[in-house]
Amino acid sequence: MLQKLRPPTEFAILIDTFKMIDANAITAGSAEVIWTPASGKTIRLLGWFLSSSAAAALEFQDSGAATVIAQTPLLAIAGVHNAPDLGKGLVLADADNTLKLDVTANTTVSGMVFGREE
């Protein structure tokens, strides 16, 4: 007897953009733009793999709202952090908003962030 197949109820969100962060020195309180979307597009942050040269937490900010949308735990010197499962991701508030990275202590950050532009 053949089973009737049901259509999936949810579809995976595919990553189409990777932004490399190559040993960027960031001063605490001076957020740095790490992703500028194409004109008219909105960023959906789906994850990151980042390291810090100093003991610091890394804060992701939406430039439009000027608020922290995600933060790593306090990393040890040369600590590495992989994003937790963000489900369908973190969508910035408006089209053309940039994703910024700030730190809680002066540090050099390396790694990548990834997601989609929609």
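Scroll up to find the structure this text is about.
Residues numbered from 1 in each chain as written. Predicted model: local features only at pLDDT ≥ 70, side-chain atom pairs only at ≥ 80, totals over all residues. Heavy atoms only, no water.

## With respect to unusual backbone geometry
Thinking step 1. With a phi angle near 50 degrees, Ala-23 is a residue other than glycine that sits in the positive phi range.
Thinking step 2. Along the polypeptide, Ala-23 turns up in strand β1 (residues 17–26).
Thinking step 3. Even without a glycine there, the phi angle at Ala-78 is positive, about 65 degrees.
Thinking step 4. In this structure, Ala-78 sits in the loop between β5 (67–71) and β6 (79–82).
Thinking step 5. For Ala-78, a relative accessible area of 57% puts it in the exposed group. (Helix = DSSP H or I, 4+ residues; strand = E, 2+ residues; numbered from the N terminus. Buried < 20%, exposed > 50% of the residue type's maximum accessible area, 1.4 Å probe, protein only.)

## Focus: the sheet that holds strand β2 (residues 32–35)
Thinking step 1. Reading across the sheet, the four strands line up as β2-β8-β4-β5 and stay open at both edges, with antiparallel pairing between neighbours. Looking at strand neighbours, the two that pair on one side only are β2 and β5, the edges of this open sheet. Mean inter-strand twist for the sheet, computed between neighbouring axes without regard to direction, equals 40 degrees.
Thinking step 2. Where strand β4 (residues 58–62) and strand β8 (residues 99–103) come together, five bridges link them in antiparallel fashion. Bridge assignment links Glu-59 to a residue of β8, and that residue is Asp-102. (Pairing = 2+ DSSP bridges. Axes fitted to C-alpha atoms, helices over the stretch in contact; angles between N-to-C directions.)

## Observations concerning the side chain of Thr-98
Thinking step 1. In this structure, Thr-98 sits in the loop between β7 (90–91) and β8.
Thinking step 2. Since its relative accessible area comes to 13%, Thr-98 is described here as buried.
Thinking step 3. Among all residues touching Thr-98, those that are not within four sequence positions of it are Val-33, Trp-35, Thr-36, Pro-37, Ile-43, Gln-61, Asp-62, Ser-63 and Leu-92. (Contact = heavy atoms within 4.5 Å.)

## Here's the deal with the pattern of salt bridges
Thinking step 1. In this structure the tally under the stated criterion is three salt bridges.
Thinking step 2. Residues Asp-16 and Arg-116 are paired through a salt bridge, measuring 3.7 Å at the closest nitrogen-oxygen approach. Within this pair, whereas Asp-16 is found in the segment before β1, its partner Arg-116 is found in strand β9 (residues 107–117), the two being separated by 100 residues in sequence.
Thinking step 3. The salt bridge partner of Glu-118 is Arg-116, with a shortest N-O separation of 3.7 Å. (Salt bridge = Lys/Arg side-chain N within 4 Å of Asp/Glu carboxyl O.)

## Focus on the packing of aromatic side chains
Thinking step 1. Following the criterion strictly, the structure yields three aromatic pairs and no others.
Thinking step 2. Ring geometry for Trp-48 versus Phe-60: centroids 4.4 Å apart, planes at 35 degrees, classification tilted. Within this pair, whereas Trp-48 is found in strand β3 (residues 43–52), its partner Phe-60 is found in strand β4, the two being separated by twelve residues in sequence.
Thinking step 3. Of the residues examined, Trp-48 reaches a relative accessible area of 2% and is grouped as buried.
Thinking step 4. Put simply, the rings of Phe-18, Phe-49 and Phe-114 pair up and form one aromatic cluster. (Phe/Tyr/Trp six-rings, centres within 6.5 Å; stacked < 30°, edge-to-face > 60°.)

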